[in-house]
Amino acid sequence: MSTLTLTDVTKHLGGHPVLQNVDLTVPRGSRTSVVGASGSGKSTLLRIIAGFDAPDAGRISLGDVLLAGGASPVPAHQRGVGYVAQDGALFPHLTVEQNIRFGLSRPARRSTRVAEVAELVAIGANLFGRYPHELSGGQQQRVALARALAPEPQVVLLDEPFSALDTGLRASTREAVIQALEHSGVTTILVTHDQDEALSFGDQVAILAGGRISQAGPPSEVYDNPGTADIADFLGDSIFLPCEVSAGEARTVLGSHPVRHDHRAAIGLHRALVRPAQLAIDVGSTSPNATIVDVQSVGSTLYVTVTIGGGGELVRVPYVTPVPERYSAGQDARVSVTGGVVVYPA
Amino acid sequence: MNAGRRRPSLLLVVVAVLAVVMLLPVGYVVAIGFQVGWPTLAPLVFRPKVGELLVNTVLLVVLGVPVTVVLGVGGAWLVERTNLPGRRVWAVLLAAPLAIPAFVSSYGWVSAIPSIGGIGGGLLVATLAYYPLVYLPAVATLRRLDPALEESARALGLGPWGVFARVVLPQLRLAVWGGGLVVALHLLSEYGAFALIRFDTFTTAIVVQYQSTFAGPAASALGIVLAGLCLILLVGESATRGTARYSRVGSGAARSAVVQRLGWSAPFALAALAALLVAAIGVPAASLVRWLSIGDPWSQRELPGAIIQTAGLAVTGAVVTVLVALPIAWLTVRRPGRLARFLEGAYYLASSLPAIIIALGLVTITIRIVPALYQSVFTVVLAYVIIFLPRALVSLRAGIAQAPVSLEEAARSLGRSPLAARAQVTLPLILPALGAGAALVGLGAANELTATLLLAPSGTRTLATQFWSASSSVAYSDAAPYALLLIALSFPSVAILFLQTRKRAR
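Residues numbered from 1 in each chain as written. Chains lettered and ligands numbered in written order. Predicted model: local features only at pLDDT ≥ 70, side-chain atom pairs only at ≥ 80, totals over all residues.

Here we look at the overall build of chain B
Using the following cut-off: Strands here are runs of E lasting at least two residues and helices are runs of H or I lasting at least four, both read from the DSSP assignment and numbered beginning at the N terminus. Three exposure classes are used, all based on how many other C-beta atoms lie within 10 Å of a residue's own C-beta (placed from the backbone): buried at 20 or more, exposed at 12 or fewer, and partly exposed between those limits. Distance between backbone-placed C-beta atoms decides contact: two residues are in contact if it is within 7 Å.
Scanning chain B from N- to C-terminus turns up 22 helices and 0 strands. Principal axes of the C-alpha set define a box for chain B whose edges measure 70 × 65 × 50 Å. Looking at chain B as a whole, 48% of its 506 residues qualify as buried. Contacts in chain B between residues at least 24 apart in sequence constitute 83% of all its contacts with a sequence separation of at least 6.

Here is the structure:
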């Protein structure tokens, strides 16, 4: 297995740029998730790596082999790149076993490879004789992964493989898939529009927006230090407060906070990123800085909306509480921030 | 990518060339019209006989289509939306007349009531034979309709009739329009059924003219008027169909619809359906049984030969038609676009013209350009391709749509070359559609009369032409075995259509 490298990959579809100068390196045996809104070009990215489409410019190489961008691109069936489509794309006229066996060479078909990969994705031998339509959505996706893994590809590409599943099934299938990938040690790229899925999937997360990779790195790093306010907003609930910065401290209506990362432009106004988890609310305080305007209860979490500093700034604070009666609209409260903030241009 | 771009353009060229071939006969009739010139044509077009034909033909369409719509929609509503006793059985029986070729049904009537004829006789025979063409799409649409719409209308205070008139009927419009158009085209192109009861339409007149003066200007003049009528229908239909689409918003399993209790009107509905089926199935069947029991019609010498020749022509026609349909179906499903739509439209246009005009065009072309092909198997098969192509197209399109590209891509990522991926994944998936399409074409070709009469090599005896020569010389008993075989041949295709109607509902 070798490192997959994309260099300066560009692709236009119907005259519109879909991918622009994409650079991405996926070290061998690692897992990378590419996250982007719909239309950000992430499916096109996978199709180009798989060989279903050709890039207009740029190079894709796997180890020493130039897959695309050279004089003669390697056709899809010779790349050794596995692909799991959004709906699994299981062959409806073949059984589970025949599907998994499809990509194996003749000698390998007689080996125990089918049983091995089936076990890897937790598909029991009792399902081998079934046809795809007789499987649940989660089973279909696991069979599709087993089929892709069976010929021992160097790279496996997953195109939103969990999006067609309902919420409960999604989490358990994702767990099973991550475990199977970990055991097989295959280099993997997952594309998804789900930020939590992307952040929990692998060793590297790459943010694709408007056909460009706007940031890539280990998930915790990217979440902790989003390169732009847009990325911060895309990755999770964000509260931006206007601020002034001096001596490593950001001053907002909620007080003074240490600056963890600073992305200020040279001139202009600034704003500080605060994640909802950093906020605390206290109605018993003697020095209130906010007024509650709305209280909503969703299960065990209470969402308290406040206006801060008498201005128009509306902030929604999630608060896990067993006693919802303490809060009501019109009350004064004190909202405080724990931990540092990330500063962006306003 | 280069290879990927070259292939569709080759496909386009193939499809375009085929479209030109398909449109040749029509173009030639028109070209002959121009060549002969208006001064020669005008007296042939504007004469009392043509006026009479025009009145007959227009009346047939103007009166016949509404009657088939009432019968078809009414029948569909009774079996799909009411508690009519035995509605499952009625649902099948109402589609059954489609298995009786119109000229066989006409034979049944005229041999029972020899005096039948005129516009009344023509309407009777034609509407009984063709109402299932409205009934089947109406059933399919009713099954597909979201019952929640009808329930909502009830909740908004509409009675059963209000719901039918203001919610169900508007949604049936597309099915009714499409079915009505198909009926109208059949009425324009039907030859045998009307010739047997001596009711003159453009089509019967063209055949008469052809038999007396061959492919002369008089036949061409009539052909041009007939083709003009068809074009008016086609343009009129597509102009009034509009762009409205009725689809179910949201997903989830459809529940079964609200069932209307018939109450005191149930006996009347049953009596009406029974009367309809007695006229559409009972009379032809009774005639058939009667003529089969007279003499020994099964011992005719020509019978085995006719069966073999029919099978040979039908199988050849089916295979060639499916092979022609495959590239256009592939193009419209896999590479949809304006050009693909345009070419597909050309195919449908070529097929929607009456068999008599297609036959006339092919006769003219072969005689003038390649006499060697005149009255050859090649020409008959070409006529079958043009006439029955839509049957194969519809089947293949559905089949190819069920074999998405993503499956081929999955096969390629598992090490299959593009060709191997198609052979191992796509082909097995579209095989049933290929089979169904070929069956529908073959069965249609086996029953084809008009074009076969004009184009088949002399000495060709098919079931339809043998039936025709016997029944038109009033040898009703001799015709009976052929009639029975023709019905038996139609049955599988009606069954396929009926099952497709059901399937679409799921």
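Structural notes on the domain arrangement of chain B
Residues and elements named next belong to chain B. Using the following cut-off: Domain ranges listed in this record stem from an automatic or a database domain assignment. Classification used: nonpolar for Ala, Val, Leu, Ile, Met, Phe, Trp, Tyr, Cys and Pro, charged for Asp, Glu, Lys and Arg, polar for all others including Gly.
Its domain assignment divides chain B into domain 1 (1-28 + 294-492) and domain 2 (37-240 + 266-282). For domain 1 and domain 2, the distance between their C-alpha centres works out to 24 Å. Each partner contributes to the interface: domain 1 provides 25 residues, whereas domain 2 provides 24 residues. At the level of secondary structure, the elements contributing two or more residues to the side of domain 1 that touches domain 2 comprise helix H16 (355-368), helix H20 (450-455), helix H21 (463-472) and helix H22 (476-504). Partitioning the side of domain 1 that touches domain 2 into residue classes produces 18 nonpolar, 7 polar and no charged.

A word on the domain arrangement of chain A
All names here are of chain A. Domain annotation of chain A identifies domain 1 (4-229) and domain 2 (237-345). The C-alpha-based centres of domain 1 and domain 2 are spaced at 39 Å. In this complex, domain 1 contributes 5 residues to the contact, which on the side of domain 2 involves 6 residues.

Focus on the pairing of strand S11 (residues 239-246) of chain A
Residue and element names in this part refer to chain A. Note the cut-off: Should DSSP find at least two bridges between two strands, the strands are regarded as paired.
Pairing of S11 with strand S14 (residues 270-274), which is carried by 5 bridges, proceeds in the antiparallel orientation. Bridging across to S14, leucine 241 finds its partner in alanine 272. Counted between consecutive antiparallel strands, the loop separating S11 from strand S12 (residues 249-252) contains 2 residues, among which alanine 247 sits at a positive phi close to 50°.

Brief notes about the sheet that holds strand S2 (residues 16-26) of chain A
All names here are of chain A. To be explicit about the condition: In this analysis, axes come from line fits to C-alpha atoms, helices being fitted only over the stretch in contact, and the angle between any two N-to-C directions falls in the range 0 to 180 degrees.
Read across the sheet, 4 strands follow the order S2-S1-S4-S5 without closing on themselves; strand pairing throughout is antiparallel. Since the sheet does not close on itself, it has two edges, and those belong to S2 and strand S5 (65-68), each with one partner. On average, each strand axis in the sheet is tilted by 30° relative to the strand beside it, whichever way the strands run. Bridging between strand S4 (residues 57-62) and S5 involves 3 bridges; their strand directions are antiparallel.

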